[in-house]
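Here is how the chains run, residue by residue.
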2 protein chains.
Amino acid sequence: MEFKQVLIVRTDLEMGKGKISAQCAHASVLAFEKVQQKHAEWINEWKKNGMEKIVLKVDSKKELLEWFERLKKKFPTVLIKDAGRTQIAPGEPTCIGVGPAPENEIDEHTKELKLL
Amino acid sequence: MEFKQVLIVRTDLEMGKGKISAQCAHASVLAFEKVQQKHAEWINEWKKNGMEKIVLKVDSKKELLEWFERLKKKFPTVLIKDAGRTQIAPGEPTCIGVGPAPENEIDEHTKELKLL
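The shown structure was predicted, so the numbers you read here are calculated from the model rather than taken from an experiment.

Basis of the calculations
Residues numbered from 1 in each chain as written. Chains lettered and ligands numbered in written order. Predicted model: local features only at pLDDT ≥ 70, side-chain atom pairs only at ≥ 80, totals over all residues. Heavy atoms only, no water. Helix = DSSP H or I, 4+ residues; strand = E, 2+ residues; numbered from the N terminus. Buried < 20%, exposed > 50% of the residue type's maximum accessible area, 1.4 Å probe, protein only. Contact = heavy atoms within 4.5 Å. Salt bridge = Lys/Arg side-chain N within 4 Å of Asp/Glu carboxyl O. Phe/Tyr/Trp six-rings, centres within 6.5 Å; stacked < 30°, edge-to-face > 60°. Lys NZ or Arg CZ within 6 Å of the ring centre and 35° of its normal.

(A) Quick look at the environment of Met1(B). All names here are of chain B. Among the structural elements, Met 1 can be located in the segment before strand E1 (3-10). Taking the relative accessible area as the measure of exposure, Met 1 reaches 68% and is therefore exposed. C-alpha of Met 1 to C-alpha of Asn 104: the two residues are 103 residues apart in sequence and 8.6 Å apart in space. Not counting the four nearest positions on each side in its chain, Met 1 is found in contact with Glu 45 and Pro 102.

(B) A look at the pattern of salt bridges. For the coordinates displayed, the defined rule picks out 22 salt bridges over all chains. The partner of Glu69(B) in a salt bridge is Lys72(B), with the nearest N and O atoms 3.3 Å apart. Pair noted here: Glu69(B) and Lys72(B) are both in helix H3 (residues 61-72), with a separation of three residues, about one helical turn. Taking relative accessible area as the criterion, Glu69(B) reaches 39% and is therefore assigned partly exposed. Here Lys72(B) falls in the partly exposed class, since its relative accessible area comes to 40%. Ionic pairing is found between Glu108(B) and Lys111(B), a salt bridge with its closest N-O pair at 3.3 Å. For Glu108(B), a relative accessible area of 47% puts it in the partly exposed group. Using a relative accessible area of 62% as the deciding quantity, one classes Lys111(B) as exposed. Members of the salt-bridge network, linked through shared partners, are Lys4(A), Glu103(A) and Asp107(A).

(C) Looking closely at the packing of aromatic side chains. Enumeration according to the criterion identifies five aromatic pairs over all chains in this entry. Between Phe32(A) and Phe32(B), the ring centres sit 6.1 Å apart and the planes meet at 90°, which makes this aromatic pair edge-to-face. Highlighted residues: Phe32(A) in helix H1 (residues 17-38) and Phe32(B) in helix H1 (residues 17-38), drawn from two different chains. For Phe32(A), a relative accessible area of 0% puts it in the buried group. Plain terms: the ring middles of Phe32(B) and Trp46(B) are 6.3 Å apart, the flat faces sit at 45° to each other, and that makes the pair tilted. Placement of Phe32(B) in helix H1 and of Trp46(B) in helix H2 (residues 40-48) is noted, with a sequence separation of 14 residues between them. One aromatic cluster is present, formed by Phe32(A), Trp46(A), Phe32(B) and Trp46(B) through successive ring pairs. Stacked on the ring of Trp67(A), the Lys or Arg Arg70(A) has its end atom at 4.2 Å from the ring centre.

(D) Broad picture of unusual backbone geometry. Residue Pro100(A) is bonded to the preceding Gly99(A) through a cis peptide linkage, with omega at 25°. Unlike most non-glycine residues, Glu14(A) shows phi in positive territory, near 50°. When you line up the elements, Glu14(A) lands in the loop between strand E1 (3-10) and H1. The phi torsion at Met51(B) lies on the positive side, around 50°, for a residue other than glycine. Along the polypeptide, Met51(B) turns up in the loop between H2 and strand E2 (53-58).

Take a look at the structure:
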C-alpha cells in the first residue's frame, strides 16, 4: 500500500510564498508526529515512497474548517493557526495537515480539491 | 533558550507555490526527525515557542550546496532532492532544513540570507 500526506492551504489570506511554506511545514510536522504516535508503520511505508505529499487549496476559512471537521473523522489531521508574528492575525487558521495515510483513501476523500 | 528551524530554498528553479511548500514540508519533517533522535529536549523547547520557523532563499544550486556543507557542521541539517515527479528533474537539490536549534546560534550562522 502507498501512503501520502495532504496539506490544504487557504488562498484568501494572500500569504506570500515564504509564509505559505512555513505554514505547510508546520502542518506537515504536526501531522507526521500524530501519525508517528498512532501508526508508526505508516511512516515507514511513507518513507519508502519518497514521503509523497501534495498541497491543495481552499479559498475561505469556512471551507478550511469544514474540511478539517470532515477529514479528522477519517485520518490523523491537524489544523494550523498562525502565531500572528507576521502578515496575518494571531490564531487565524491557515492550513490543514492530513496523514500520511493510505493514498487511495486520502485521494478518495480529497479529490474535489484543486492543487495549490 | 529559544529554538528555531530554518528552511532555505532555491529560487532559480522557479518552482510554484505548491511545489515550494511541499519541498519545505519535506525538509522540515526530516530535520525535525534528525533533531528528535539526537536532541529530543530541543523539540520540547521548540514547541513551547510555537515551533518557530523561517524560510530563507538562495538563487543557485551552488549556493545551496555550499550552505548545506557549512551548516551541517554546526546543526542537524538535511538536504532535500526532488523526487522528480513534477516540474523539475529527479535528484535536483531544492532546499535545506536546519534544526530546530538554538535561535541565537542559528541566526548568527544564517543572518546574511534573505527571507523568501
